[in-house]
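# Remarks on the overall topology
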Amino acid sequence: MIENLTRRGFLSGTVAAGAIVGLTACGGGKSAGGTASDQASGSGGKTYDGPKVELTFWNGFTGGDGTFMKKLVNKFNSSHDNIKVTMQSMQWADLYKKLPTAVTAGKAPDVAVIHLDSVATMAARKSIQPLDDVAKALDLKGPDFAKVPWVAGIYRDVRYSIPLDVHPMGMFFNKTVMDKAGLDPNKPPQTQGDYMSALETLKSKGVAGHWASPFQFTGGMSVYSLVAQFGGGLFSEDASHATWHEEPGIKAMTWWMDLVKKGYSPAKVAQDADFVAFQNGKTAFNWNGIWSLNTLAENKALEWGVAPLPQIGELKAVWANSHQFTIPTQRNGNSNRVDAAKVFVNWVSQQSLEWAKGGQIPARNSVRESDGFAKLTGQSTLAKQINDVVFPPTVPGINDVIGEFYRAVNEIVLGGKGVESTLKESASRADKILEENRKKYQ
């Protein structure tokens, strides 16, 4: 299921990104050094035969994923005598602050990875270049990639990014806890009926089976998934106003709150306490991101498994995000560096099986459908959701707006506020931000 597909941090930086996009005013016309499309054009493609160049590559891979990307960069450098890539990792929030400033100062990196929900913001600020010509030069087409992340790189009918991966949520289950409660540890519940039955069984054994987090990571993202499962979305089709206060949102938020009210979850769960409790055998199910795979794999004493998010509503849907390659706008364009950057982006995309080992699903179909990826059990299991992921609409400043949704989830679960009134109030605040953003980014 795709929210607003036709228009349209890890992630903790993505909300921060929306908060800082207004630091530099955006305007129309040409950027310094020519139009972005002028800069991105060139003769480069899948190979680079020009003089030796050095490229800078910015990303927010400061955790374990950074190790995997660094290996790819080193492998690329060893196989390309005339291109040297220097990788600089920083916190996502810092990257989203520094990138527009670096562009203005004429010190932008040659390549940057950003989240898909920051693509429109960076494009509107002219911090990244259109990439339609890059996709054409590399012969990259829609059928080469999963549809949702491919379309998500388009802003105002122009491509600004090339998808690297998709990182969705999934359901992790503690096999030991399930077994002790009399549940089959090899058959995780996937329907609403089976899930509620399992929670009731666990409750009868004195186990709170699903701890309901009130925080964006990962309660807010879980409720986001549920809104879509109940047939709704966070925004109207044209992204002009918030819709999470409508019936699907009320159903989703009520179901989440019922986990607490019915005794399936303790009240007022602290940040990440649900994930800790899962690893300590205090709960059976944890809805979390694919990035948890390697963390859990390091816990050799834990017997666990992973499955797609259960279908609680009428539709299959799951929150996800995507890392996307971009080429930042340069004050003085250098065609050799741009051509070399194309080669780097294409090469990493083709080699993204190694990247998948860090806890990602490759956006490129050929990699995702390879025998090597099938051997990555956790990743390939969650990849079954590739057509069910939901992304925000591709509009500038969208993370400012979604922040109001996550705030509402927190106020309801942690603060005990009413579901309908709180969702309505937050949607009203979101509408005001959307209106302000339309003026800011026109």
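Calculation notes
Residues numbered from 1 in each chain as written. Predicted model: local features only at pLDDT ≥ 70, side-chain atom pairs only at ≥ 80, totals over all residues. Heavy atoms only, no water. Helix = DSSP H or I, 4+ residues; strand = E, 2+ residues; numbered from the N terminus. Rg over C-alpha atoms; globule rule 2.2 N^0.38 Å. Areas by Shrake-Rupley, 256 points an atom, 1.4 Å probe, with all protein chains shown as cover. Lys, Arg positive; Asp, Glu negative; His and termini not counted. Charge placed at Lys NZ, Arg CZ, Asp CG, Glu CD. Core = buried A, V, L, I, M, F, W, Y, C linked by side-chain atoms within 4.5 Å. Buried < 20%, exposed > 50% of the residue type's maximum accessible area, 1.4 Å probe, protein only. Salt bridge = Lys/Arg side-chain N within 4 Å of Asp/Glu carboxyl O. Axes fitted to C-alpha atoms, helices over the stretch in contact; angles between N-to-C directions. Parallel < 35°, antiparallel > 145°, perpendicular 65-115°, else oblique. Left-handed = near helix turned anticlockwise from the far one by under 90°. Contact = heavy atoms within 4.5 Å. Pairing = 2+ DSSP bridges. Right-handed = clockwise from strand over helix to strand, strands pointing away.

The name recorded for the protein in an unreviewed UniProt entry is Sugar ABC superfamily ATP binding cassette transporter, sugar binding protein, from Cutibacterium avidum ATCC 25577.

So, about the overall build of the protein. Across its full length, the protein holds 20 helices and 13 strands. The globule rule puts the C-alpha radius of gyration for 442 residues at 22 Å, and the 22 Å found for the protein is close to it. Seen through its principal axes, the protein has C-alpha atoms that stretch 70 × 45 × 30 Å. Total accessible area on the protein stands at roughly 17100 Å², and carbon and sulfur atoms take up 49% of it. Once the 47 positive and 42 negative side-chain charges of the protein are each reduced to a mean point, those two points are 3 Å apart.

Another aspect to go through is the nonpolar core. Core analysis: the largest hydrophobic core is formed by 82 residues, its most contacted members being W244, M253, W256, F285, W287 and F405. Sorting elements by how many residues they give to this core places helix α19 (residues 398–413) first, with 9 residues. If you look at the next biggest cluster of nonpolar residues, it comprises 56 residues, including M87, W92, V119 and I162.

In the structure shown here, the tally under the stated rule is 10 salt bridges. Between E404 and R407 there is a salt bridge, and its shortest N-O distance comes to 3.5 Å. Taken together, the residues E404 and R407, both in helix α19 and 3 residues apart, mark about one turn of the helix. One network of salt bridges, with partners in common, ties together E404, R407, E411, K417 and R429.

Moving on, we come to the packing of helix α3 (residues 64–79) against helix α14 (residues 335–350). Running from N to C, α3 and α14 cross one another at 120 degrees; their axes reach a closest spacing of 11 Å. Classified by the interaxial angle, the pair formed by α3 and α14 is oblique. Regarding α3 and α14, the two cross each other, and that crossing is right-handed. Two secondary-structure elements touch here, α3 through M69, L72, V73, K75, F76 and S79 and α14 through V343, F344, W347 and V348.

In space, the 5 strands of this open sheet follow the order β2-β1-β3-β11-β6, with mixed pairing throughout. Here the strands that pair on one side only, and so sit at the sheet edges, are β2 (83–89) and β6 (162–163). Across the sheet, α3 lies against β1 (53–59) and β2, angled at about 165 degrees from β2, the strand it touches most. On top of the sheet, helix α4 (residues 92–104) reaches β1, β3 (111–115) and β11 (323–326); it is set at about 130 degrees to β3, its chief contact.

For the rest of this paragraph, the subject is the pairing of β2. Taken together, the 7 bridges between β1 and β2 define a ladder with parallel strand orientation. Within the sheet, the bridge partner assigned to F57 lies in β2 and is M87. With α3 bridging β1 and the parallel β2, this β-α-β connection has right-handed handedness.

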